[in-house]
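# Residue-level structural notes
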Amino acid sequence: MSDLPRRDPRQEWIARNRLHPRHGDVLASLGQGAASEWQGPHGLMRRNPHAVGFIGPNGVKRIDRSGTQQGAGGRAETPNAERKPLVEIDAPAFLVAVVPDMAGGRLSGHDRDLLGLARQLADADHTARGVVVAVIFGPHKETSFGEAGVDRLLHLDSPEVAGYAPEARLGALIMAEQAWAPRHWLLPDSKLGGGELGRRLAARLGERSATGVWQVAADAEASTGWHCTARGAAGSLDIRRPLPRVALALAECAEPVSETRHAAAELALPQPLPSTLSRIQDLGQVSVDPSGVALSEAEFILSAGNGVKDWQGFHHAAEVLGATEGASRVAVDDGFMARDRQVGATGTWVTARVYVAVGISGAIQHLQGIQTCEKVVAINMDPGCDMIKRADLAVIGDSAQILEALVTLVAQAREEKRHAA
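To keep things clear, this report deals only with the structure shown in the data block. Quick caveat, the model's predicted, so the values are computed rather than measured.

## As for helix H5 (residues 194-205)
Its 12 residues place the ends of H5 16 Å apart at the C-alpha level, agreeing with the 16 Å of an ideal helix rising 1.5 Å per residue. Residues of H5 that are buried include every one of Gly194, Gly195, Leu197, Gly198, Leu201 and Ala202, and no others. Mapping the buried residues of H5 onto a view down its axis gives an arc of 165°, with all of them on the same face. Away from the buried face of H5 by more than 90 degrees, exposed residues Ala203 and Arg204 are located.

Set out below in structure tokens:
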């Protein structure tokens, strides 16, 4: 037995993982599985498919399902806000005005896409750069306007424009139009107010607005230098036309700003807002049953998986928390949840601000469906499952006990608030 030649362990690893033998030349000096990307013998960049995850900005190992991050053992490639180059434009040639929805007091994914489109229009001509002006109504909680591409911020927080006040807000936009005459007005074509306000603005300015815009491209033959493609005929037809001054764009109309940060300097109207007699009386928001909200539109989702055993407790927790219910494919296939509640690549892609995964291990299809959620909370017994690695906050323990404790805390907080009032 001692006369038999010994096989190189590194070559055994290459054969076991079905890699090309030339990979051994690269891995020899880096150690088994250490290389995440290297240049191959023909000059092409190669990626090690067995490099596991990457280390996130908080030092937690993450698993990348979207392809936006690379490698293992290093920090995320996306630079932190402090590391992004600061762009300041002191003497702009023109303005591009954006009126985001600011649902919940923060920039939504739709708003950030719209700011990315405005950034595209403002930066197209490097000899005469424009600035992106964001017009914000009422109080907000947003702290990253600069990272979203905003050069100037016009914040209007007077009582006249608070709540549902389209007439007063339209008057404010007309004042901004008279003061600066933006080259383009961009608003989200949504049901949260942007669609209505954009149509009111176009009618007041006498512009033929473009609605349902999903793509904008440079066009030297167009009168404005740009053309837009919009959805028409109930979404069954694409309409191409020169980009007008007022455009109402859909989500994913452009890539959001990610590589730079901007000044977001405060801007003020030259005159205070006039007091107007509105024909509309705002009676406040109407409470909506979260169970009736579509998953694609929900901002807070409590999703159940195979690890949930107490379904009555889960439904009670969703009701108390005011969350829209979701489910994994396994929970739907087992008959515990309806098919329209399935989250994932084979169900519904969601864009919730908060997504709570209860007893979901994290299949790749499910992780693909939640990749644009802002905050993901995972409740699971297995600390090594993929959902725990994906989550921004992980709670290890029995889901029934954790949800029961959470419901108790929420009930106590509401009772204290009621007594204080």
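Picking up where we left off.
## Brief notes about the pattern of salt bridges
Applying the stated criterion across every chain yields a total of 16 salt bridges. In this structure, the salt-bridge partner of Arg200 is Glu196, at a minimum N-O distance of 3.1 Å. You can see Arg200 and its partner Glu196 sitting in helix H5, four residues apart, about one turn around the helix. On the accessibility criterion, Arg200 (28% relative accessible area) is partly exposed. One salt bridge in this structure joins Arg341 and Asp340, with 3.9 Å as the shortest N-O distance. Among the charged side chains, a salt-bridge network with shared partners connects Arg119, Asp123, Arg129 and Asp151.

## A look at unusual backbone geometry
Phi is positive for Met102, which is not a glycine, with a value near 55°. Note that Met102 resides in the loop between strand S6 (95-98) and helix H3 (109-122). For Ala181, which is not glycine, the phi dihedral falls at a positive 45°. Structurally, the position occupied by Ala181 is in the loop between helix H4 (166-180) and strand S9 (184-188). The exposure class assigned to Ala181 is partly exposed, which follows from its relative accessible area of 48%.

Cut-offs used in this document
- Residues numbered from 1 in each chain as written.
- Predicted model: local features only at pLDDT ≥ 70, side-chain atom pairs only at ≥ 80, totals over all residues.
- Heavy atoms only, no water.
- Helix = DSSP H or I, 4+ residues; strand = E, 2+ residues; numbered from the N terminus.
- Expected span 1.5 Å × (residues − 1).
- Buried < 20%, exposed > 50% of the residue type's maximum accessible area, 1.4 Å probe, protein only.
- Arc of directions from axis to C-beta.
- Salt bridge = Lys/Arg side-chain N within 4 Å of Asp/Glu carboxyl O.

These values are about where atoms sit, not about what they do.
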